[in-house]
Amino acid sequence: MVVVMPPVLVAFEAKNESIVSGLSQCIAAMVGAQRYNARHNASPDPIYGCVTTGSVWRFRQLGGNVLTLGLREYGITEVDLLLGILIHIAGPPPATAAA
């Protein structure tokens, strides 16, 4: 059995260097992740998605029935912004148990 733990991020490689070509596949996977979570009484909300060419990244978010599309594309040269987004999605690190 596969266990999906929050936060959930689905990422897809854009075909033919076209971000637009990967958008529908990414959204479908986000809905699938959301349904999987609902069936297993897990509720990571929202689900995050990303389509990338490797050098250009575009993000989206699915919370309930609301899909938010990021309008901005981030270039690989903006590594500080990309890492900031990924850290935001991941959230704070889990607390460590005292020894």
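Residues numbered from 1 in each chain as written. Predicted model: local features only at pLDDT ≥ 70, side-chain atom pairs only at ≥ 80, totals over all residues. Heavy atoms only, no water.

Student: Please give an account of the overall build of the protein that cites residues and values.
Tutor: Across its full length, the protein carries 2 helices and 5 strands. Counting all 99 residues of the protein, 31% fall into the buried class. (Helix = DSSP H or I, 4+ residues; strand = E, 2+ residues; numbered from the N terminus. Buried < 20%, exposed > 50% of the residue type's maximum accessible area, 1.4 Å probe, protein only.)

Student: Could you give an account of the environment of Gln34, naming the residues involved and the relevant values?
Tutor: Secondary-structure assignment places Gln34 in helix α1 (residues 19–39). Since its relative accessible area comes to 22%, Gln34 is described here as partly exposed. Taking the C-alpha atoms as reference points, Gln34 and Pro46, 12 residues apart in sequence, are found 8.5 Å from one another. Those residues within four positions of Gln34 in sequence are excluded, and the remaining contacts are Ile47, Leu62, Gly63 and Gly64. A polar side-chain atom of Gln34 sits 2.9 Å from the main-chain carbonyl oxygen of Gly64. (Contact = heavy atoms within 4.5 Å. Polar contact = N/O pair within 3.5 Å; in protein donor to acceptor, adjacent residues only side chain to side chain.)

Student: Give a description of a nonpolar patch on the surface that names residues and reports values.
Tutor: Residues Leu9, Val79, Leu83, Leu86 and Ile87 make up a contiguous nonpolar surface patch of about 420 Å² in total accessible area. Sort the elements by how many residues they give to the nonpolar patch and helix α2 (residues 79–90) lands first, with 4 residues. When you line up the elements, Leu83 lands in helix α2. (Patch = residues over 30% accessible without salt bridge, like charges linked within 9 Å, V, L, I, M, F, W, Y side chains within 5 Å. Areas by Shrake-Rupley, 256 points an atom, 1.4 Å probe, with all protein chains shown as cover. Salt bridge = Lys/Arg side-chain N within 4 Å of Asp/Glu carboxyl O.)

Student: So what about the side chain of Glu78? Which residues, and what values?
Tutor: The residue Glu78 is located in the loop between β5 (74–75) and α2 in this model. A distance of 2.3 Å separates a polar atom in the side chain of Glu78 from a polar atom in the side chain of Arg72.

Student: Report on the nonpolar core, specifying residues and quantitative values.
Tutor: The biggest cluster of nonpolar side chains holds 11 residues, and these are Val8, Val10, Ala14, Ile19, Leu23, Cys26, Met30, Ala33, Ile47, Val51 and Leu62. Only α1 and β2 (47–52) provide two or more residues apiece to this core. Top contributing element to this core by residue count: α1, with 5 residues. Every residue in contact with Ile47, bar those within four places of it in the chain, is listed here: Val8, Met30, Ala33, Gln34, Asn37, Arg60, Gln61 and Leu62. Core analysis: the next-biggest nonpolar cluster, separate from the first, contains 8 residues, Tyr48, Phe59, Tyr74 and Ile85 among them. (Core = buried A, V, L, I, M, F, W, Y, C linked by side-chain atoms within 4.5 Å.)

Student: Could you give me a rundown of the environment of Val56, with the residues and numbers involved?
Tutor: Structurally, the position occupied by Val56 is in strand β3 (residues 56–63). Note on Val56: relative accessible area 24%, which makes it partly exposed. With 42 residues separating them along the chain, Val56 and Ala14 place their C-alpha atoms 9.3 Å apart. Once residues within four sequence positions are removed from consideration, Val56 is found in contact with Ile19, Val51, Glu73 and Tyr74.

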